[in-house]
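A closer look at the structure
For reference, the chains in residue letters:
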There are 6 protein chains.
Amino acid sequence: MYLPVLLTITLLFSSAYASVNDFCVADMQQPDTPSGFPCKKVTSLTEKDFAYSGLGVAGNTTNIISAAVTPAFVAQFPAVNGLGISMARLDLAKGGVIPMHTHPGASEVLVVIKGTICAGFISSANTVYFKTLFKGDIMVFPQGLLHFQINSDDGPSLAFVSFSSANPGLQILDYALFGNELPTELVTKTTFLDPAVVKKLKSVLGGSG
Amino acid sequence: MYLPVLLTITLLFSSAYASVNDFCVADMQQPDTPSGFPCKKVTSLTEKDFAYSGLGVAGNTTNIISAAVTPAFVAQFPAVNGLGISMARLDLAKGGVIPMHTHPGASEVLVVIKGTICAGFISSANTVYFKTLFKGDIMVFPQGLLHFQINSDDGPSLAFVSFSSANPGLQILDYALFGNELPTELVTKTTFLDPAVVKKLKSVLGGSG
Amino acid sequence: MYLPVLLTITLLFSSAYASVNDFCVADMQQPDTPSGFPCKKVTSLTEKDFAYSGLGVAGNTTNIISAAVTPAFVAQFPAVNGLGISMARLDLAKGGVIPMHTHPGASEVLVVIKGTICAGFISSANTVYFKTLFKGDIMVFPQGLLHFQINSDDGPSLAFVSFSSANPGLQILDYALFGNELPTELVTKTTFLDPAVVKKLKSVLGGSG
Amino acid sequence: MYLPVLLTITLLFSSAYASVNDFCVADMQQPDTPSGFPCKKVTSLTEKDFAYSGLGVAGNTTNIISAAVTPAFVAQFPAVNGLGISMARLDLAKGGVIPMHTHPGASEVLVVIKGTICAGFISSANTVYFKTLFKGDIMVFPQGLLHFQINSDDGPSLAFVSFSSANPGLQILDYALFGNELPTELVTKTTFLDPAVVKKLKSVLGGSG
Amino acid sequence: MYLPVLLTITLLFSSAYASVNDFCVADMQQPDTPSGFPCKKVTSLTEKDFAYSGLGVAGNTTNIISAAVTPAFVAQFPAVNGLGISMARLDLAKGGVIPMHTHPGASEVLVVIKGTICAGFISSANTVYFKTLFKGDIMVFPQGLLHFQINSDDGPSLAFVSFSSANPGLQILDYALFGNELPTELVTKTTFLDPAVVKKLKSVLGGSG
Amino acid sequence: MYLPVLLTITLLFSSAYASVNDFCVADMQQPDTPSGFPCKKVTSLTEKDFAYSGLGVAGNTTNIISAAVTPAFVAQFPAVNGLGISMARLDLAKGGVIPMHTHPGASEVLVVIKGTICAGFISSANTVYFKTLFKGDIMVFPQGLLHFQINSDDGPSLAFVSFSSANPGLQILDYALFGNELPTELVTKTTFLDPAVVKKLKSVLGGSG
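Since the model is a prediction, treat every value here as computed from it, not as a measurement.

**Section: the relation of the copies chain D and chain B**
The transformation that overlays chain D on chain B combines an axial shift of 0.0 Å with a rotation of 180 degrees, and the residual RMSD is 0.0 Å. Taken together, the rotation and translation relating the two chain copies correspond to the operation of a two-fold axis. Across chain D, the rotation axis passes nearest the C-alpha of D:Gly144, at a separation of 2.7 Å. Mapped onto chain B, 100% of the interface residues of chain D are again interface residues, and the two copies thus contact each other with one and the same surface.

This is the structure:
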């Protein structure tokens, strides 16, 4: 008896359905736009498009920083395209450090799942806010500000971070200064570091000039 | 005498004109983006693109809800693409009802053109706000909240509704719960309805599982 | 049996409820902000706050333009504050005209309820788009562009317009040019109108200088 | 030797510092605005303002749904005000369920920390997307759409959810329909449920009318 | 010794890098979208894409208004696409005037580089704000409002203007009213100007009808 | 004869006028909000509020960086509040340098007024884009990315910069790392600089710890 009702409504809206934009799973084959990637056809989507297992695997921390960052940004998880949110996983082995960095396009919230992490950020007013975070603690890092995370536990620590953008970007300070072809003279003039220090770090970080 | 003046200005801006983005009439043949559809070429547009007659015809209310919703969203009226606004027409025969629903992407304002309508919404704080509206009255329904409209007139009622998005979306509660393949067990667990009630409505609304 | 359930959930969220921001009915006694007015206390609100009857009364068209505009912007209808939408009513007697104007802060959609209206706008590319609209027709006027409405019916016409802002603003061309203390010399230099024409209109429209 | 340099720069910017808006920790004593709460004085803030321990404690799941939601929205964690992000913790005991609900103001990403969760949402096009999520899996729930989470593990499950707003809101379906004074007649008309079902759930969920 | 570190981080993020959206230099060959043009491939960009020399050359002021406007909007300077900013250069010879105009899509800030400029705007409340600006002075013109600039120096004046959009648009009043095919009757009805005045300006400004 | 016309329209809109939000000149005495400061009463404003002379005076470059930055952000120029734009003046004496810095909240466009400037930025993809800019050249620096400006002229250089926010913020790298109480151990761990280098710069830049 109710059948005709909703079918009627459905038909009335069927044309709207064709373009309803509850979500816009990124078609990474097309060029990006300022608001994100064009959408995949809704008809091609399944529940698999809205879930991602890539953060279930610990990153490889057998490196000098004894840490790993595993992102679930739009490039890895196209379903967040246009939804203003994304995630990443931080694995910190003993002594692990996520070096000073910024996310030019998003604020970040971190939740500690395992271990103890010393995290902090520096404001435009040049004030430092840093704190030791324990299991279950959360901390916010406002958009675009320099921040860092250091494992202060005797064992490994694990955290998940969320961002207020599907594509927060990442600028790692040392790599930006010393890991590219920015001439030593320019680095020196703009950072007050001695040329020797700059050249040493450039050689270490694969930079040139 | 003034002629050279403006021609000069025109030439100066002619390249800007080519991309001036006062509006962006949707090219529905291209994939959507998080901000809306790509724009049709301005040179292909006429005044016809900016007007729409589809809301001039009463919807067919010879159905169980004795009501019809006729949308002028971006899919029907591509000129609203990117402009943050759209409309729809509500026809309510005697006893007509627009069932409980939400618009995930927009707030709504309703104006009563004919008859009397009892309309309401429920807030996140779970407060109910409902009111009988007469000819010329308007009411606002904030984004994403459950709301409804019921004809409380002896004859037909007519209303126009406007939305704060070119693509507000529509989620009709009964249809979302009972008109698809969501398993009865999941509906039951998440709504506290008895399986018998769920199965009956599923059969009625064309749902399965 | 279910009672404890939801009470539990309610308590868990009671602190969130205190600040849930589904809507933000304007407290017009407080200073505005770039995003709109501060919100009235939710506990002080009733269904009356979300409805408005001011558009149910025809505006007085016994004036030279034989037309009247009755707004339901945030100042008249505080419930739209922050929701990105508002409305107005246009009454056009025979020969009525809404003079050339812009809304600096919103796009507009017009729906004809009665009569026949010739409406149009001019784009940044200087193209004119105008059209005769009949009962039920809608037309969109993109943000910030000069536009107008003229009654082309033998009798009165009525339209409702919606805006993509709670506070669209209104700049009536003649009043902006001739209805204030902008010196005649500046008007002349910036519009190429003869001083005589400017002075005449200034005297007519209550302008000085 | 470098000292004067930066002091000079600091002085040049000292007035800017006074209002730099990297963040805007909510002053919950003042009225909300459409963009969030007014900011606390920066000089009154310490690192404690940017961290929160409330999600470190499991919610009480000794209730009928065997589940608990612990929010860290702006009301609990004022530092997220204006930053477009917030979090919550989901504790699901064996058989636990987060009933069908929406967040009118935000999209959500869930990450499973412990156990196994069956989660899903329903689109405006009325398609159901649900999936069993294991430890480390993430899933996105687009803004304003009905969604749910069910513990499908033999033991307790734990998840953290992030939102694309500091104040996402929460509308629990059953509570919205049956936990308030919305008259049974209106619920019946707008949901197609029998009056008996509505009255039973109302009595159970503390609703009246 | 540090080498492995950052390489590791780089690899972890290489997939993110592929789509990082710090900027979106416009590919003007593709259709525009409501948020701007699709992005050129990052790999195709050099420093030349982020700089523009077009504002280094004075515009030709040998015309009736003795003024020239040289834009650096997205059409001329694709690097600003999606960044919410653009610029233009104003050259005003002795007696030069930038006629009354609006930018439908942006607010504007002007800085005087040479000479003396009388600039002003008219608000929605119809108040006129105008002021004589000297070298180094800046003035703001809020979005969508009628404004003008007049050289009040004995010699040439130069100013740079910045806009809060990559594509602010430009509507020059006289050209909008008299430089197109808008019928004289409609201009007359909507501006209160005499048909003779309208026809004269139309003939002068290349308008018809 | 026209007088009654516009008076009528004025009265109809007089209530709207009271709150029209073309602009929102900041009342710096009130607390900031995420969207900017509350607005001063429109009735208290004059043309002086919309202009600012602070950028007409060269900054004092008799310091180690031989440079000065003079901002016209909302704190100095309250009229830009909520308009998404602001400016600053850069004075660079011979050898002058604006050290590596970011603006967390805005993109920037620079125009060279006098001299020659070598400017550049580093992307999230770690690519360096730098270029020598001559008089009249403009360059864009996308939001949140490290960038710098160096005078490459034999004499002084002058530039004006515009921002896509009324409150862009400023984070000067050296000052953020070495000019505050961030413990040397944390700086060392997060930047790979030797403790000796950090301690030296801390002592120089007034930092402690």
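There is more to say, and it comes next.
**Focus: the domain arrangement of chain A**
When the domains of chain A are assigned, the result is domain 1 (42-56 + 65-169) and domain 2 (174-205). Using C-alpha coordinates to define each centre, domain 1 of chain A is positioned 27 Å away from domain 2 of chain A.

**Notes on the sheet that holds strand β10 (residues 157-163) of chain A**
Strand order across the open sheet formed by 6 strands is β2(A)-β3(A)-β10(A)-β5(A)-β8(A)-β1(D), with antiparallel pairing between neighbours. The open sheet terminates on both sides in strands that have one partner only, identified here as β2 (67-72) of chain A together with β1 (51-52) of chain D. In this sheet, β10(A) lies alongside strand β3 (residues 86-92) of chain A in antiparallel orientation, the contact comprising 7 bridges. Bridge pairing in β10(A) links A:Leu92 to A:Ser157.

**Details of the relation of the copies chain B and chain C**
Overlay of chain B on chain C (RMSD 0.1 Å): rotation 180 degrees, translation along the axis 0.0 Å. In this assembly the copies share their binding face: 100% of the residues contributing to the interface of chain B also contribute to that of chain C.

**Points about the nonpolar core**
Considering soluble globular proteins, one finds that nonpolar side chains tend to be buried as a cluster. Formed by 408 residues in total, the largest nonpolar core has its most connected members in A:Phe50, B:Phe50, C:Phe50, D:Phe50, E:Phe50 and F:Phe50. Among all residues touching B:Phe50, those that are not within four sequence positions of it are B:Phe23, B:Val25, B:Leu45, B:Phe77, B:Ala79, C:Phe121, C:Tyr129, C:Ile138, C:Met139 and C:Val140.

**Structural notes on the interface of chain B and chain C**
Across the boundary between the two partners, chain B contributes 51 residues, which contact 51 residues of chain C. Across the interface of chain B and chain C, roughly 4,300 Å² is buried in total on both sides, 75% from carbon and sulfur atoms. Summed over the shared surface of chain B and chain C, the number is 0 salt bridges. Contributing elements (two or more residues each) for the side of chain B that touches chain C: α1 (3-17), β1 (51-52), β5 (108-114), β7 (128-133), β8 (138-141) and β10 (157-163) of chain B. With 4 residues, the top contributor of residues to the side of chain B that touches chain C is β7(B). Across the side of chain B that touches chain C, the residue classes tally to 35 nonpolar, 10 polar and 6 charged.

**Some thoughts on the pairing of strand β6 (residues 117-122) of chain C**
All names here are of chain C. Counting buried positions along β6 yields 6 of 6 residues, so the element is predominantly enclosed. Across 5 bridges, β6 lies against strand β9 (residues 147-151) in antiparallel orientation. Considered in β9, the bridge of Gly120 is made with Phe148. As paired strands, β6 and strand β7 (residues 128-133) are joined by 6 bridges and run antiparallel to one another. Bridge assignment links Ile117 to a residue of β7, and that residue is Leu133. Counting the residues that bridge the hairpin from β6 to β7 gives 5 residues, and of these Asn126 lies at a positive phi of roughly 70 degrees.

**Topic: helix α3 (residues 184-191) of chain C**
α3(C) sits mainly inside the fold: 6 of its 8 residues count as buried. Backbone geometry just downstream of α3(C) places C:Phe192 in the positive-phi region, at approximately 65 degrees.

**A closer look at the interface of chain D and chain B**
If you look at the interface, chain D gives 42 residues, while chain B gives 42 residues. Between chain D and chain B, a total of about 3,700 Å² is buried, with carbon and sulfur atoms accounting for 65% of that surface. Per-residue buried area on chain D facing chain B is highest for D:Asn126, D:Thr190 and D:Phe192; these three make up 16% of the total on that side. Where chain D touches chain B, the interface holds 2 salt bridges. For the pair chain D and chain B, the number of links is 14 residue pairs in polar contact (both at pLDDT 80 or more). Looking at the side of chain D that touches chain B, the elements that each hand over two or more residues are β4 (97-102), β6 (117-122), β7 (128-133), β9 (147-151), α2 (173-178), α3 (184-191) and α4 (195-205) of chain D. Here the side of chain D that touches chain B gets 5 residues from one element, more than from any other, and that element is α2(D).

**Describing the side chain of D:Ser162**
Structurally, D:Ser162 can be placed in strand β10 (residues 157-163). Judged by relative accessible area, D:Ser162 falls into the buried class, the value being 2%. Only 2.5 Å separates the side chain of D:Ser162 from the side chain of A:Ser162, close enough to count as a polar contact. Among residues more than four places away in sequence, those in contact with D:Ser162 are A:Ile85, A:Ser162, D:Ser86, D:Met87, D:Ser107, D:Glu108 and D:Val109.

**Structural notes on the side chain of C:His147**
All names here are of chain C. Summarising the element assignment, His147 is placed in strand β9. Given the relative accessible area of 1%, His147 is considered buried. Polar side-chain contacts of His147 include one of 3.0 Å to the backbone oxygen of Leu145. In contact with His147, other than residues within four places in its own chain, are Pro99, Met100, His101, Thr102, His103, Glu108, Gly120, Phe121 and Phe141.

**Quick look at helix α4 (residues 195-205) of chain A**
Residue and element names in this part refer to chain A. Within α4, the full set of buried residues consists of Val197, Val198, Leu201, Lys202, Val204 and Leu205. Projected onto a plane normal to the axis of α4, the buried residues spread over an arc of 165 degrees and lie on a single side. Facing away from the buried side of α4 by more than 90 degrees, the exposed set consists of Ala196 and Ser203. Positive backbone phi, approximately 80 degrees, marks Gly206, located one or two places after α4.

**Thoughts on the state of the cysteines**
All names here are of chain D. Counted by the stated rule, this structure contains 6 disulfides over all chains. One disulfide bridge connects Cys24 with Cys39, the sulfur atoms lying 2.0 Å from each other. For the disulfide bridge between Cys24 and Cys39, the dihedral angle about the S-S bond is near -100 degrees, and by the sign convention the bridge is left-handed. Of this pair, Cys24 sits in the loop between α1 (3-17) and β1 while Cys39 is found in the loop between α1 and β1, placing the two residues 15 residues apart along the sequence.

**Examining the pairing of strand β9 (residues 147-151) of chain A**
All names here are of chain A. Most of β9 sits out of view: 5 of its 5 residues are buried. Of the two faces of β9, the one carrying His147, Gln149 and Asn151 and the one carrying Phe148 and Ile150 are both buried. By the bridge criterion, 3 bridges tie strand β4 (residues 97-102) to β9 in an arrangement that is antiparallel. Note on β9: the bridge partner recorded for Val97 is Ile150.

Rules used throughout
- Residues numbered from 1 in each chain as written.
- Chains lettered and ligands numbered in written order.
- Predicted model: local features only at pLDDT ≥ 70, side-chain atom pairs only at ≥ 80, totals over all residues.
- Heavy atoms only, no water.
- Least-squares fit on C-alpha atoms with pLDDT ≥ 70 in both.
- Contact = heavy atoms within 4.5 Å.
- Domains from an automatic or database assignment.
- Pairing = 2+ DSSP bridges.
- Helix = DSSP H or I, 4+ residues; strand = E, 2+ residues; numbered from the N terminus.
- Core = buried A, V, L, I, M, F, W, Y, C linked by side-chain atoms within 4.5 Å.
- Buried < 20%, exposed > 50% of the residue type's maximum accessible area, 1.4 Å probe, protein only.
- Buried area = accessible area lost by both parts, 1.4 Å probe.
- Salt bridge = Lys/Arg side-chain N within 4 Å of Asp/Glu carboxyl O.
- Nonpolar A, V, L, I, M, F, W, Y, C, P; charged D, E, K, R; others polar.
- Polar contact = N/O pair within 3.5 Å; in protein donor to acceptor, adjacent residues only side chain to side chain.
- Arc of directions from axis to C-beta.
- Disulfide = S-S within 2.5 Å.

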